[in-house]
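Examining the three-dimensional arrangement
Chain residues, written in single-letter form:
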Amino acid sequence: MDLTYTDEEEGFRLRLRAWLAATLPTLPPRPDPLDWPARRTYDLGWQRRLYDAGYGEVHWGTAGTSPTQHLIFLEETEKAGAPYVGANFVGLLHAGPTIAAEGTAEQRERWLPPVLRGEEAWCQGFSEPDAGSDLASLRTKAVRDGDHYVVTGSKIWTSHAEVADWCELLVRTDPTAPKHRGISWLAMPMDAPGITVRPLRTLAGSAEFAEMFLDEVRIPVANRVGEENDGWRVTMVTLSYERGTAFVGEVVACRRTLGQLAAAARENGRWDDPVLRRRLGRLSAEFGALWRLTQWNVSEAQRSGGVPGTGGSVFKLRYSHARQELYEAAAEVLGPDALDLDQEWTADRLSSLSYTIAAGTSQIQQNIVAERILGLPKGR
């Protein structure tokens, strides 16, 4: 992969940089981080501005946007301090790309434009209370009744369920099939009767997750993406986006945070500690390598028709631990201030603890790397 930029790509960077400089000062104040309805309005409003300016599809590599332009977009928006996808991340980074890859023409026409225009948000209904990290053990059942599925069960860690319009939902449509079969991927309207959402509060006090209870919820068969009982394969497409490209903006953010940490260490005298300097230097090299891996993953996804490959698991595995190490270093730099929950870095440190679990545990990623990349036999 050529990691240099062409004149055309540098022109894209300059135009984007100019647009950001003109647009960001006109944004309204950011809402309270704990007020997710307000954050939904703010985040979707930002997506609408991107759409109107011609940047709405940049995450998907469509409308003439190349993988390199996608990376430039992430670099420049992070450097400028622009909003990220926020409450719209499932729609933009998970469900939307999955529907683009696996949906019918009618499904793409129904669900993709509202996501790009910042009109609808999605949540993710994958994990279940009794399934642990073994997603294929899900029990939420869907019984066919004419042109509808009748769905009963529960989900947990349902991101942004309380502010979502749609849910990417995994259900078991054939309880007699082996656990990796008999699963279907449905788009569930969140205003359907029978849905109960209960927010879950995190260590940082935020409530972006929820548990969700489904009591005979009727979902049209037309909302199924992919064939019946082929949902595990479709899910692997979703997870490849989640692990392969959904975190790319965060790598840029971590590199910016690292620079802020170095500046803070110089100000408070901790820069004189050679062990700390060595630690920050190693992290700088780590995130530099992760950015190069990100560039490779995004380019490989584009070459394979838009779907990231197993390189996403390599990235997810190392990034999860590097992010935790970054915020451990932040605690060392900040000292007692690291215990202040009003500090943004403190909230980020608490959030980093979930990264070795969210989007597939580190143990799951190690298995994928061992089996699919190294060719080792499956564990028993």
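These remarks concern the structure in this document.

Here's the deal with the packing of helix H4 (residues 89-102) against helix H5 (residues 105-116)
Viewed as axis vectors pointing N to C, H4 and H5 meet at an angle of 160 degrees, and their least axial separation amounts to 10 Å. In terms of orientation, H4 lies roughly antiparallel with respect to H5. Here the hand of the crossing between H4 and H5 comes out left-handed. Taking contact as the criterion, the partners of Gly91, Leu92, Gly96, Ile99 and Ala100 in H4 are, on H5, Gln107, Arg108, Trp111, Leu112, Val115 and Leu116. Taken together, the residues of the contact of H4 with H5 break down into seven nonpolar, three polar and one charged.

Quick look at the packing of aromatic side chains
Under the counting rule described, the total for this entry stands at eight aromatic pairs. On the numbers, 6.0 Å between centres and 85 degrees between planes, the contact of tryptophan 111 with tryptophan 122 is edge-to-face. In this pair, tryptophan 111 is assigned in helix H5 and tryptophan 122 in strand E1 (residues 122-125), connecting sequence segments 11 residues apart. Both residues of the pair, tryptophan 111 and tryptophan 122, belong to the buried class. An aromatic cluster is present here, built from Phe12, Trp19, Trp46, Tyr55 and Phe73 joined pairwise through their rings.

So, H5
The end-to-end C-alpha distance of H5 is 16 Å, a good match for the 16 Å that 12 residues give at a rise of 1.5 Å each. For H5, every residue scored as buried is listed here: Gln107, Trp111, Leu112, Pro113, Pro114, Val115 and Leu116. Buried residues belonging to H5 abut helix H2 (36-52), H4, E1, strand E4 (166-172), strand E5 (183-189) and strand E8 (224-225). Positioned one or two residues after H5, glycine 118 has a phi angle of 70 degrees, which is positive.

The rules we used
- Residues numbered from 1 in each chain as written.
- Predicted model: local features only at pLDDT ≥ 70, side-chain atom pairs only at ≥ 80, totals over all residues.
- Heavy atoms only, no water.
- Axes fitted to C-alpha atoms, helices over the stretch in contact; angles between N-to-C directions.
- Helix = DSSP H or I, 4+ residues; strand = E, 2+ residues; numbered from the N terminus.
- Parallel < 35°, antiparallel > 145°, perpendicular 65-115°, else oblique.
- Left-handed = near helix turned anticlockwise from the far one by under 90°.
- Contact = heavy atoms within 4.5 Å.
- Nonpolar A, V, L, I, M, F, W, Y, C, P; charged D, E, K, R; others polar.
- Phe/Tyr/Trp six-rings, centres within 6.5 Å; stacked < 30°, edge-to-face > 60°.
- Buried < 20%, exposed > 50% of the residue type's maximum accessible area, 1.4 Å probe, protein only.
- Expected span 1.5 Å × (residues − 1).

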